[in-house]
Amino acid sequence: MPELITHTTFAYLIRRRNLEIHFFILFLLGAMLPDLLTRPFTTFFKPEQFFFNASHTPLVVLLWIILISQFFEKEIRWNVFKYISLGTLTHFFLDLFQNGSNNIGYQWFFPFSEWNFSFNLFWADESIYIAPFMAIIFFIDFYFFKKKK
Amino acid sequence: MRFILKKIKVYLFFMKKFITVFILLIAILSLSYYNYQKYDYNYFKNIRNGKEYINGGLKVLEIYNKNSLLAANTFDTLIILNYRCFVENGNRISVGDNLGIKATIVNPDTVSAYFVHIQTPRFWKVIISLIPFFIIIYFFFKYFKFDFKKFIFIRKNA
């Protein structure tokens, strides 16, 4: 996983510009969600990491999003589901470029297939070098967007 | 009578939500357990079939000589041959370093590396990841509040 600054800044930059603030926050939350569901646990429970890693697969994340959206008002439930899912898609898109941190990769089609694909462009720890640039891009965009408003 | 009907309606509403959440949790836990059962230590031994091996978080336990070292992560303990082939992110490998490697498998316990990457400590990655997490949690609770009666998040200023 790239760290969360890269994930959230990427989602921030590609967002729909006139997105309502509530859904915008959920979109950014979605961009972090797969890592929030797994990394705190895999860090502390290493031998059980594959139990928690399941929550970083598209199907299980989808179930989590359905579960989370149950805890929002009925009128916006579909939009909650939609925007968290879209945020999560941006997360998986960035993960697609990374070398697998274990030998089975990101299990895109879990539990149906073990077929795995990645562009293998960078290692998990290398995204820390990208983070400062992403933060700068974020502040520039934030400044001009606010000024434009 | 109306009061009782209202109570029943509220009860059914909560039951429906409870059942939905329960089913989803069971599905998630089942899939997680399936994943946990499937990828055990033996699985990783068995899939080594001469193909490419890409793995990270391999801690160097012992350097045997200029050609081979012993490294391990939670699931793999490996002898890595040819570890000085192409070292990225550092000049030399020492005991305690975490490695990411691209290699070909020689036998179930030995791989021949063609690309070695010395990984930087995960600590800083975790620390900087906490910044956007707390910012978004702050904004989430700024724009949503939890209604304990209905057991849902409702929008503020909607």
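Scroll up to find the structure this text is about.
Residues numbered from 1 in each chain as written. Chains lettered and ligands numbered in written order. Predicted model: local features only at pLDDT ≥ 70, side-chain atom pairs only at ≥ 80, totals over all residues. Heavy atoms only, no water.

Taken together, the contact between chain B and chain A spans 54 residues of the former and 56 residues of the latter. Interface of chain B and chain A: buried area, both sides summed, is about 5,100 Å²; carbon and sulfur atoms make up 69% of it. Three residues, K125, I136 and R155 of chain B, lead the burial of chain B against chain A; their summed loss comes to 13% of the area buried on that side. Here chain B is connected to chain A by 2 salt bridges. The salt bridge involving E73 of chain A is made with R155 of chain B; its shortest N-O contact spans 3.3 Å. At the junction of chain B and chain A, the tally comes to 10 residue pairs in polar contact (both at pLDDT 80 or more). The set of elements that each furnish at least two residues to the side of chain B that touches chain A consists of α1 (2–38), α2 (41–46), β1 (52–63), β5 (98–107), β6 (110–119), α3 (123–143) and β8 (152–155) of chain B. In terms of residues, the side of chain B that touches chain A owes the most to one element, α1 of chain B, which gives 15 residues. By residue class, the composition of the side of chain B that touches chain A is 33 nonpolar, 13 polar and 8 charged. (Contact = heavy atoms within 4.5 Å. Buried area = accessible area lost by both parts, 1.4 Å probe. Salt bridge = Lys/Arg side-chain N within 4 Å of Asp/Glu carboxyl O. Polar contact = N/O pair within 3.5 Å; in protein donor to acceptor, adjacent residues only side chain to side chain. Helix = DSSP H or I, 4+ residues; strand = E, 2+ residues; numbered from the N terminus. Nonpolar A, V, L, I, M, F, W, Y, C, P; charged D, E, K, R; others polar.)

Turning to the pairing of β6 of chain B, a few remarks are in order. Looking along a regular strand, one sees side chains alternate from face to face of the sheet. All names here are of chain B. Counting buried positions along β6 yields 8 of 10 residues, so the element is predominantly enclosed. Pairing of strand β3 (residues 77–81) with β6, which is carried by 3 bridges, proceeds in the parallel orientation. The partner of L81 across the bridge, within β6, is S112. By the bridge criterion, 2 bridges tie strand β4 (residues 87–88) to β6 in an arrangement that is parallel. (Buried < 20%, exposed > 50% of the residue type's maximum accessible area, 1.4 Å probe, protein only. Pairing = 2+ DSSP bridges.)

Looking now at helix α4 (residues 58–69) of chain A. In this model, α4 of chain A (12 residues) spans 16 Å end to end at C-alpha, consistent with the 16 Å of a helix rising 1.5 Å per residue. Taken together, the buried positions of α4 of chain A are V60, V61, L63, W64, I65, L67 and S69 of chain A. The secondary structure elements touched by the buried residues of α4 of chain A are α2 (21–44) and α5 (77–95) of chain A together with α1 of chain B. (Expected span 1.5 Å × (residues − 1).)

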